[in-house]
Amino acid sequence: MRYQKFSLRILAATIGLAGSAVAHADLFVIANPATQITASEIKEIFTGEKQIAGSVKLVPVDNGPVQEAFLDTALRMDAPRYNTIWTKKSFREGIIPPTVKSGNNDVIEFVRRTPGAVGYISSNPPNGVTVVRKY
Amino acid sequence: MNLTRRIIPAGVIALAVALAPPAYAQSSDAAKISELEKKLERSLELINQLSEKIRKIEQASANNRDAQTKTAQHAEKIEAIEKHVSEIGGSLSRRAEESGLPIHGFADVGLVMSREDNPSFKGRKGAVLGTSLGALDLYLTPRFGDRVKALIELVFEAEENGGTAADLERLQVGYIFSDAATGWLGRFHTPYGYWNTAFHHGAQLQTSILRPRFLDFEHDGGILPAHTTGIWLTGTQGIDRGRIGYDVFAGNAPQITRVAAGSNLAAANRTGFSPAVNAGTYAGSGRLDPLHAGGTTQRTSIGFNAWFEPTAVHGLRGGLHGLRAEIVDNAPVTNQTLVQMLGGYLAYMSDPWEAMGEYYRFRNNDRSGATGTHGSWAAYAQIGYNMRRWTPFARVERSRLDQTDNYFGVQASGRSYQRIAAGLRYDVDPKAALKVEFNSTRKEDLGPGLTDRFPELRIQYAIHF
């Protein structure tokens with residue numbers, strides 16, 4: 001009887017973990033292969049603090065369908081806070097906020113063809129982009 | 001169908017063989033034969049039923065293959081449509097990036113009830129109540145290339161006479177050398193302290209309605225040049241324990257203009273200023289002109305700002321700033337003052353607390369007269385507490401300005417003062433804020449035994465778009 005209860009608990013925990021994994025799908029921060037950046041610089045790039053990597057001008061882009069998950073996971077902030085940061089940046093320094101792309105394919109296509117581009121996707125990264133970090 | 005054709009004859013033969021009686025019994029019992037025939041018929045019937053079932057299964061299998069083929073075709077079509085939509089989206093994005101001219105702005109309107117006794121209210125001492133148009137601030141950030149950027153800011157403000165004044169607040173073109181160095185050329189917000197570059201005309205960005213009085217814009221009576229036309233180098237750099245940043249700039253030194261004899265202040269305070277200003281009776285009649293059209297005085301202002309943001313305290317910035325400018329006025333006998341400001345500031349912008357304070361120390365030297373060097377100072381401290389959409393705030397301000405310093409003595413807003421202010425901000429949504437603010441101000445240096453203490457109540461509705 002004890003063994004049965006223990007087994008049920010293990011099963012419930014496993015199901016719970018599986019459910020959690022489904023709720024927070026993987027996110028991949030990707031960059032153009034000509035862009036040399038590190039995972040520790042992701043927040044600086046998406047808040048406009050870092051604009052240059054080596055000799056390349058960085059071009060961060062947002063991914064509309066998964067933006068909220070990215071802000072929560074990678075930048076630890078919500079959308080209003082993120083937008084306020086960029087309003088101030090734009091007003092004070094003339095920096096243009098990241099363009100919002102329509103989805104994974106749009107982000108991948110932009111990152112592939114744009115030197116300095118940095119984006120994030122929720123699907124497995126294809127060839128032709130560099131994976132900076134997986135969340 | 002081929003399977004059915006093979007199975008049926010084989011089954012019949014097998015059954016026939018299995019059920020066939022031995023040869024020695026055939027002649028002995030016709031009844032048994034009849035019984036066997038019946039069994040054989042039932043077996044054939046069973047075989048037919050099985051054949052029908054097999055036929056149906058084969059038919060269903062064929063239908064399933066057709067369905068799978070159709071599903072695959074649909075998936076291909078959907079994938080093609082997705083790709084097409086993605087290409088259209090990408091094309092539109094590229095067009096927006098390549099040819100777009102983003103225009104954003106701030107605007108505010110409000111209510112004011114003030115008892116200030118000053119020229120703005122025609123010398124009346126009484127309640128002034130009315131709705132007020134604040135400013136419509138439009139800023140543009142055109143895209144030129146990877147390294148070139150520009151910032152254009154146009155402000156439209158309602159004037160006291162009912163007209164509308166348009167002002168090119170900023171027109172600056174920059175080049176990004178690296179994160180540590182961006183060069184700007186043009187007219188920009190003078191990068192001293194924290195407030196002047198953090199909020200400026202963005203009323204919706206700042207928690208309070210009013211700026212600290214001594215940091216007002218030039219045309220509102222500010223005592224420092226809020227704008228400079230010149231060259232500006234700025235940058236930031238991450239270090240082990242945080243981030244450092246700097247600004248260095250040089251530009252046209254402002255001039256004090258509209259200086260006119262017979263001012264009210266000179267009449268009320270005949271001996272409170274330098275001998276030249278007392279004799280000219282123009283105390284408190286001039287305003288700072290940043291000389292954006294060109295440095296006609298052939299004098300230069302230079303300044304710096306250096307700050308540090310520690311990693312250990314998120315949201316904290318501490319900095320030092322300085323300004324040096326040789327400033328003249330347009331009095332009949334020109335006064336010339338070397339303005340030297342040095343100060344520091346702290347800003348803590350986090351959640352839920354926000355706090356900031358700035359200190360400006362002046363050591364101005366009289367270059368045209370013999371009054372020597374004069375010490376003055378101005379400071380403010382403000383604190384706010386964010387409770388989701390509500391932010392109550394409070395601020396204290398104080399300035400002690402030497403009236404024998406020609407730089408302050410000639411300016412309309414060059415009097416010492418103290419002010420306390422408190423208010424409440426409500427964020428209607430992330431781009432709109434409703435604020436109410438009460439302040440009490442005491443102006444000094446108006447003459448022997450004279451002060452002006454007045455309250456104000458303001459309501460402001462500020463938006464960003």
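Note that the structure is a prediction, hence the values are computed from the model and not measured.

**Q** What should I look at first to understand the overall build of chain B in this one?
**A** Of the regular secondary structure elements, chain B holds seven helices and 18 strands. Across the 465 residues that make up chain B, the buried fraction comes to 43%. A fraction of 60% describes how many contacts in chain B between residues 6 or more apart in sequence connect residues 24 or more apart.

**Q** Can you help me understand the sheet that holds strand S4 (residues 59-63) of chain A in this one?
**A** The strands making up a sheet associate through backbone hydrogen bonding, with each pair oriented either parallel or antiparallel. All names here are of chain A. Strand order in the open sheet made by the five strands is S5-S4-S6-S1-S7, with mixed pairing throughout. Of all strands in the sheet, those with a lone pairing partner are strand S5 (99-101) and strand S7 (130-134), marking the two edges. The mean inter-strand angle of the sheet, taken between neighbouring strand axes irrespective of direction, is 30°. Summarising the sheet, S4 and strand S6 (residues 117-121) pair through two bridges and their orientation is parallel. Bridge pairing links Val-59 to Ala-117 in S6. Against the sheet, helix H5 (residues 104-113) touches strand S1 (28-31), S4, S5 and S6, its axis set at about 155° to S6.

**Q** Where do I start with the nonpolar core in this structure?
**A** Formed by 50 residues in total, the largest nonpolar core has its most connected members in Phe-214, Leu-215, Leu-224 and Tyr-360 of chain B. Of all the secondary-structure elements, those providing two or more residues to this core are strand S5 (181-189), helix H4 (195-198), helix H5 (264-268), strand S11 (316-329), strand S12 (336-349), strand S13 (353-366), strand S14 (373-385) and helix H7 (406-410) of chain B. Residue contributions to this core peak at four residues, all from S12 of chain B. Setting aside chain neighbours within four positions, we find Leu-224 of chain B in contact with Tyr-192, Phe-214, Leu-215, Glu-218, Leu-288, Leu-323, Tyr-360, Phe-362 and Tyr-407 of chain B. Leu-27, Ile-42, Val-66 and Trp-86 of chain A belong to the second-largest nonpolar core, a separate cluster that totals 22 residues.

**Q** Can you help me understand the side chain of Glu-456 of chain B in this one?
**A** Residue and element names in this part refer to chain B. Here Glu-456 lies in strand S18 (residues 452-464). Residue class for Glu-456 comes out buried when judged on its relative accessible area of 3%. Within the structure, the side chain of Glu-456 is placed 3.1 Å from the side chain of Ser-114, a separation counted as a polar contact. A polar side-chain atom of Glu-456 sits 3.2 Å from a polar atom in the side chain of Arg-458.

**Q** Would you explain the packing of aromatic side chains in this entry?
**A** Each pair of aromatic rings is reported with the distance of its centres and the angle of its planes. Scanning all chains against the criterion turns up 22 aromatic pairs over all chains. Taking the centre distance of 5.9 Å and the plane angle of 85° together, the rings of Tyr-192 of chain B and Tyr-360 of chain B count as edge-to-face. One end of the pair, Tyr-192 of chain B, is in the loop between S5 and H4; the other, Tyr-360 of chain B, is in strand S13, with 168 residues separating them in the sequence. Residue Tyr-192 of chain B is classed as buried on the basis of its relative accessible area of 1%. Of the residues examined, Tyr-360 of chain B reaches a relative accessible area of 0% and is grouped as buried. Among the aromatic side chains, those forming a connected cluster through ring pairs are Tyr-192, Tyr-194, Trp-195, Phe-199, Phe-214, Tyr-345, Tyr-360 and Tyr-380 of chain B. When the ring centre of Phe-91 of chain A is taken as reference, the NZ or CZ atom of Arg-170 of chain B above it lies at 4.8 Å. In this arrangement the basic side chain of Arg-213 of chain B is found over the ring face of Tyr-417 of chain B, its NZ or CZ atom lying 5.7 Å from the centre.

**Q** What am I meant to see in empty space enclosed by the protein here?
**A** Where empty space is left in the structure can be found by rolling a water-sized probe over the atoms. All names here are of chain B. Inspection of the entire model under this criterion finds two cavities of 30 Å³ or more. Looking at the largest cavity, its volume works out to about 50 Å³. If you trace the largest cavity, you find it lined by Arg-213, Phe-214, Gly-221, Ile-223, Ser-399, Leu-401, Ser-413, Arg-415 and Tyr-417. Residue classes in the lining of the largest cavity are distributed as four nonpolar, three polar and two charged. Around the second largest cavity, the lining residues are Ile-256, Ile-327, Val-328, Asp-329, Asn-335, Thr-337, Asn-406 and Tyr-407. Every element with two or more residues in the lining of the second largest cavity is listed here: S11 and H7. Looking at the lining of the second largest cavity, the element that brings in the most residues is S11, giving three residues. Of the residues assigned to the lining of the second largest cavity, the class counts are four nonpolar, three polar and one charged.

**Q** Sorry, what's going on with the environment of Gly-343 of chain B here?
**A** Along the chain, Gly-343 of chain B falls in strand S12. Those residues in contact with Gly-343 of chain B that lie beyond four places of it in its chain are Gly-319, Leu-320, His-321 and Tyr-359 of chain B.

**Q** Just checking my understanding: could you explain the pattern of salt bridges for this structure?
**A** Where charged atoms of side chains with opposite charge meet at close range, the side chains can pair. One pass over the full model with this rule turns up 19 salt bridges over all chains. One continuous salt-bridge network, built from bridges that share partners, spans Arg-398, Arg-400, Arg-442 and Glu-444 of chain B.

**Q** What's the story with helix H3 (residues 67-75) of chain A in this structure? I'm lost.
**A** Residues three or four positions apart in an α-helix share a direction because the helix packs 3.6 residues into each turn. Residues and elements named next belong to chain A. Turning to H3, its buried residues are Gln-67, Phe-70, Leu-71, Ala-74 and Leu-75. All buried residues of H3 project into a common sector of 100° when viewed along the axis, lining one side. Next to the buried residues of H3 lie S1, helix H2 (42-46), S4, helix H4 (79-93) and S6.

**Q** Mind showing me how you'd approach the confidence of the model for chain A here?
**A** Where the model shows low pLDDT, its predicted coordinates should not be examined in detail. Per-residue pLDDT for chain A averages 85, and the proportion of residues at 70 or more is 82%. Between residues 14-23 of chain A, whose pLDDT stays under 50, and residues either more than four places distant or in other chains, the model counts zero contacts.

**Q** Would you take a moment to explain the interface of chain A and chain B for this structure?
**A** The figure often quoted for interface size is the accessible area lost as the parts come together. Contacts between the two partners involve 25 residues from chain A and, on the opposite side, 33 residues from chain B. Of the roughly 2,600 Å² buried where chain A meets chain B, counting both sides, 49% is carbon and sulfur surface. Interface area lost by chain A to chain B is led by Phe-91, Arg-92 and Ile-96 of chain A, which between them contribute 29%. Linking chain A to chain B there are two salt bridges. Lys-50 of chain A serves as the salt-bridge partner of Asp-179 of chain B, at 3.7 Å between the closest nitrogen and oxygen. In this structure, the connection of chain A to chain B is made through seven residue pairs in polar contact (both at pLDDT 80 or more).

Rules of the game
Residues numbered from 1 in each chain as written. Chains lettered and ligands numbered in written order. Predicted model: local features only at pLDDT ≥ 70, side-chain atom pairs only at ≥ 80, totals over all residues. Heavy atoms only, no water. Helix = DSSP H or I, 4+ residues; strand = E, 2+ residues; numbered from the N terminus. Buried < 20%, exposed > 50% of the residue type's maximum accessible area, 1.4 Å probe, protein only. Contact = heavy atoms within 4.5 Å. Pairing = 2+ DSSP bridges. Axes fitted to C-alpha atoms, helices over the stretch in contact; angles between N-to-C directions. Core = buried A, V, L, I, M, F, W, Y, C linked by side-chain atoms within 4.5 Å. Polar contact = N/O pair within 3.5 Å; in protein donor to acceptor, adjacent residues only side chain to side chain. Phe/Tyr/Trp six-rings, centres within 6.5 Å; stacked < 30°, edge-to-face > 60°. Lys NZ or Arg CZ within 6 Å of the ring centre and 35° of its normal. 1 Å grid on protein atoms, 1.4 Å probe; cavity = no way out; pocket = protein on both sides within 12 Å on 5 of 7 lines; lining within 4 Å. Points joined across faces, edges and corners; volume = space filled by probe spheres on them. Nonpolar A, V, L, I, M, F, W, Y, C, P; charged D, E, K, R; others polar. Salt bridge = Lys/Arg side-chain N within 4 Å of Asp/Glu carboxyl O. Arc of directions from axis to C-beta. pLDDT = per-residue confidence, 0-100. Buried area = accessible area lost by both parts, 1.4 Å probe.

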